[in-house]
Amino acid sequence: MKLVTGIIQPHRLDDVKSALEAAGVRGMTVSEASGYGRQKGHTEVYRGAEYTVDLVPKVRIEVLVDDADATAVTEVIVKAAQTGKIGDGKVWTVPVDDVARVRTGEHGPGAL
Amino acid sequence: MEWDTGATAWMLTSASLVLLMTPGLAFFYGGMVRAKSVLNMMMMSFGAMAVVGVVYVLWGWSMSYGEAGTGGLVANPFAQFGLSGAITDADGSAVASTLGNYPNVVDIAFQVTFAIITVALISGALADRVKFGTWLAFTAVWVTVTYFPLAHMVWGGGFLSGNENGLAAMIFGVTDGAATVAPIDFAGGTVVHINAGVAALVLAILIGKRKGFGKEPMRPHNLPFVMLGAALLWFGWFGFNAGSAFGANETAGLAWVNTTSATAAGIIGWLLTEKIRDGHATSLGAASGVVAGLVAITPAAGALNPVTSIVLGLVAGALSALAVGLKYRFGYDDSLDVVGVHLVSGLWGTVAIGFLATDTGLFFGGGAQQLVVQILIALVAIVFSAATTLVIGLILKVTMGWRVSEDAEVGGIDLAVHGETAYESIQQGSVIKEVRA
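Residues numbered from 1 in each chain as written. Chains lettered and ligands numbered in written order. Predicted model: local features only at pLDDT ≥ 70, side-chain atom pairs only at ≥ 80, totals over all residues. Heavy atoms only, no water.

1. Overview of the overall build of chain B
Okay, step 1: The secondary structure content of chain B amounts to 15 helices and two strands.
Okay, step 2: For a compact globule of 437 residues, the expected C-alpha radius of gyration is about 22 Å, and chain B comes in at 21 Å, within 12% of that figure.
Okay, step 3: Dimensions of chain B, computed from the C-alpha atoms along their principal axes, are close to 70 × 55 × 40 Å.
Okay, step 4: When each of the 437 residues of chain B is scored for burial, the buried share is 55%.
Okay, step 5: Looking at chain B alone, contacts between residues at least 24 apart form 75% of all its contacts between residues at least 6 apart. (Helix = DSSP H or I, 4+ residues; strand = E, 2+ residues; numbered from the N terminus. Rg over C-alpha atoms; globule rule 2.2 N^0.38 Å. Buried < 20%, exposed > 50% of the residue type's maximum accessible area, 1.4 Å probe, protein only. Contact = heavy atoms within 4.5 Å.)

2. As for the pairing of strand β1 (residues 2-8) of chain A
Residue and element names in this part refer to chain A.
Okay, step 1: Of all seven residues in β1, five are buried; the element is thus mostly enclosed.
Okay, step 2: Direction of pairing for β1 relative to strand β5 (residues 56-65): antiparallel, over a ladder of seven bridges. Paired with I8 across the bridge in β5 is V59.
Okay, step 3: Two elements, β1 and strand β6 (residues 89-95), share seven bridges in a ladder whose sense is antiparallel. What sits directly across from K2, in β6, is P95. (Pairing = 2+ DSSP bridges.)

3. Observations regarding the UniProt feature "modified residue: O-UMP-tyrosine" (unreviewed entry) in chain A
Residue and element names in this part refer to chain A.
Okay, step 1: The UniProt record annotates "modified residue: O-UMP-tyrosine" (unreviewed entry) at Y51.
Okay, step 2: Looking at the element boundaries, Y51 is found in strand β4 (residues 49-53).
Okay, step 3: Take Y51: its relative accessible area is 13%, and that puts it in the buried class. (UniProt positions renumbered as here; feature names shortened; annotations may be inferred.)

4. A look at the packing of aromatic side chains
Residues and elements named next belong to chain B.
Okay, step 1: The tally for this structure, following the rule as stated, stands at 18 aromatic pairs over all chains.
Okay, step 2: Between F213 and Y328, the ring centres sit 5.6 Å apart and the planes meet at 5°, which makes this aromatic pair stacked. Separated by 115 residues along the polypeptide, F213 in the loop between α6 (189-207) and α7 (223-242) and Y328 in helix α11 (residues 326-330) bring together distant segments of the chain.
Okay, step 3: A relative accessible area of 39% places Y328 in the partly exposed class.
Okay, step 4: Ring centres 5.2 Å apart and planes at 35° place the aromatic pair F355 and F363 in the tilted group.
Okay, step 5: The class for F355 is partly exposed, based on a relative accessible area of 23%.
Okay, step 6: The exposed category is assigned to F363, whose relative accessible area is 57%.
Okay, step 7: Members of the aromatic cluster, each reached through a chain of ring pairs, are F110, F114, W155, W237, F240 and F246. (Phe/Tyr/Trp six-rings, centres within 6.5 Å; stacked < 30°, edge-to-face > 60°.)

5. A closer look at the layout of surface pockets
Okay, step 1: Put simply, the largest pocket is a space of about 570 Å³.
Okay, step 2: Looking at the lining of the largest pocket, the elements that each hand over two or more residues are α2 (38-65) and α3 (104-122) of chain B.
Okay, step 3: Ranked by the residues each element gives to the lining of the largest pocket, the list is headed by α3(B), at five residues.
Okay, step 4: Its residues assigned to classes, the lining of the largest pocket shows 15 nonpolar, eight polar and two charged.
Okay, step 5: Estimates place the volume of the second largest pocket at around 490 Å³.
Okay, step 6: At the level of secondary structure, the elements contributing two or more residues to the lining of the second largest pocket comprise β5 and α2 (70-81) of chain A.
Okay, step 7: The leading source of residues in the lining of the second largest pocket is β5(A), at four residues. (1 Å grid on protein atoms, 1.4 Å probe; cavity = no way out; pocket = protein on both sides within 12 Å on 5 of 7 lines; lining within 4 Å. Points joined across faces, edges and corners; volume = space filled by probe spheres on them. Nonpolar A, V, L, I, M, F, W, Y, C, P; charged D, E, K, R; others polar.)

6. Let's talk about the pattern of salt bridges
Okay, step 1: All chains considered together, the criterion is met by 14 salt bridges over all chains.
Okay, step 2: A:E44 is paired through a salt bridge with B:R219; the nearest N and O atoms lie 2.8 Å apart. Here A:E44, found in strand β3 (residues 42-46), pairs with B:R219, found in the loop between α6 and α7, and the two come from separate chains.
Okay, step 3: The partner of B:K211 in a salt bridge is B:E406, with the nearest N and O atoms 3.5 Å apart. Taken together, the residues span a long stretch of sequence, with B:K211 in the loop between α6 and α7 and B:E406 in helix α14 (residues 406-411) at a distance of 195 residues.
Okay, step 4: Put simply, B:R34, B:D128, B:R129, B:R210, B:E216 and B:D333 are held in one network by salt bridges that share partners. (Salt bridge = Lys/Arg side-chain N within 4 Å of Asp/Glu carboxyl O.)

7. Observations regarding empty space enclosed by the protein
Rolling a probe over the atoms, with the probe sized like a water molecule, indicates the empty space that remains.
Okay, step 1: Following the criterion strictly, the structure yields one cavity of 30 Å³ or more and no others.
Okay, step 2: In this model, the largest cavity occupies a volume close to 40 Å³.
Okay, step 3: In this structure, the largest cavity is lined by A:R47, B:F28, B:Y29, B:S288, B:V291, B:L336, B:D337, B:V338, B:V341 and B:H342.
Okay, step 4: Here the residues of the lining of the largest cavity are counted per class, giving six nonpolar, two polar and two charged.

8. So, the side chain of B:D414
All names here are of chain B.
Okay, step 1: Summarising the element assignment, D414 is placed in helix α15 (residues 413-418).
Okay, step 2: Although buried, D414 forms no salt bridge, and the nearest oppositely charged side chain, K36, lies 10 Å from it.
Okay, step 3: A polar contact is formed between the side chain of D414 and the backbone nitrogen of N40, at a distance of 2.8 Å.
Okay, step 4: In contact with D414, not counting residues within four places along its chain, are A35, K36, S37, V38, L39, N40, G419, E420 and A422. (Lys, Arg positive; Asp, Glu negative; His and termini not counted. Polar contact = N/O pair within 3.5 Å; in protein donor to acceptor, adjacent residues only side chain to side chain.)

9. A closer look at the sheet that holds β5(A)
All names here are of chain A.
Okay, step 1: Read from one edge to the other, the open sheet built from four strands follows the order β2-β5-β1-β6, with strand pairing classed as antiparallel. Each edge of the open sheet is held by one strand with a lone partner, namely β2 (29-35) and β6. On average, adjacent strands in this sheet sit at an angle of 25° to one another, irrespective of strand direction.
Okay, step 2: Helix α1 (residues 13-22) contacts β1, β2 and β5 of the sheet and is inclined by roughly 10° relative to β5.
Okay, step 3: Packed on one face of the sheet, α2 meets β1, β5 and β6 and runs near 10° to β1. (Axes fitted to C-alpha atoms, helices over the stretch in contact; angles between N-to-C directions.)

Shown next as structure tokens:
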């Protein structure tokens, strides 16, 4: 099993969600995140005083998938989240040792 | 007595409108501070309402409008202590207002609201770092030593009024028992805005900067609050300015229209300055332009026409937008720009009357005399406010102390001083202790 995590632009969330549903993904976790990449943050001006905001708002999507689906799911997220502009985000995959479904207590791929 | 019920109703409405300005100010200021100190910021406005609302009834009215003392500096606080003789006379009849055909108690209602908002304005310079008890003590003392005497000097027939013994009469003489060139302060350019602005500057220097000022970001935590506060201030300001006609009449109408045209122009002046200087027209700029325009038209609302009011407001917005940067240049932490907005636009409005007043202004064939009088009353107000505020501020510094501890300031004054926080992202706490009886 794999955990696919995507950090994306907040305004791309709906498209990514729809694309993942269309690709057969049955569940996901979405949370608000903030951070910066190579582009750094942005500047805001309040009554003429400039503030550099390093940490910009992002959305984190987490999807648990079978090993065989990890690459395809990653590609779905990348395609749906892409705007071509700086700050589009990152998607990565990490191995997962075990998963348990809280309701039934079952473990492993069946709990996905 | 047959009262003018229209005037009575309008003045009571105006008093209520002006009272609404102070909670409006709480939103305006509250939105501009960080999330950890919004409650304290709002509490300073509510504290001013609490203290001044009591003090005004006890000796504030008497000191402002009671039996005049010597030198035209302040009226006798004991002559009408507790409003004795100010509402009903010895026969039990209602005392009439000296300003319009309505009961005097209506004037008392109107004037207390001015005293409240003036003190509350100062709190914007003291964000995040001042002991609440010291603020309440300051409120009581400052309104007594600084505000009431200045209100008496300007509006109560004292030294800065058109009275025959006043400053203006000394310079340009007396005609028919009053100064030939009377100072114009329609609704409080000197008493309210210059006064509060100078006090804010003195206290900001005396108390010192917020920890991290100029280094850490201190962004407004809720700009919609700021916009809401500016809107409430504008609405309430109709009572402030149109109410200062002391009747439901054409002067009130003119003041209403002038207030709107100057304020609208104030927004444009501020936003244009921002767009040129910073590249963006911001919501904080629009809200600030509202206040700058309102402040500038306050002394002038009855003396200008709607077109000259636009000129006044445009310049006020631009001037204040530029002036808010002075605190960084000179290194004083006027946290929410009381000096940049109220002192600068208050001064501009007071002095601009000398140029723009419909009958007596320099640009309208009135010569330079009105201008000279306006500059002089502004200067006297500055010196008086600065001197008295400095003495009060120093005494409180060595007695009660002004600053909260560094830990309280860094951790958030709301929690440290009031035992409350404004926001929780995740619900915390699990046990509810029984409420103590």
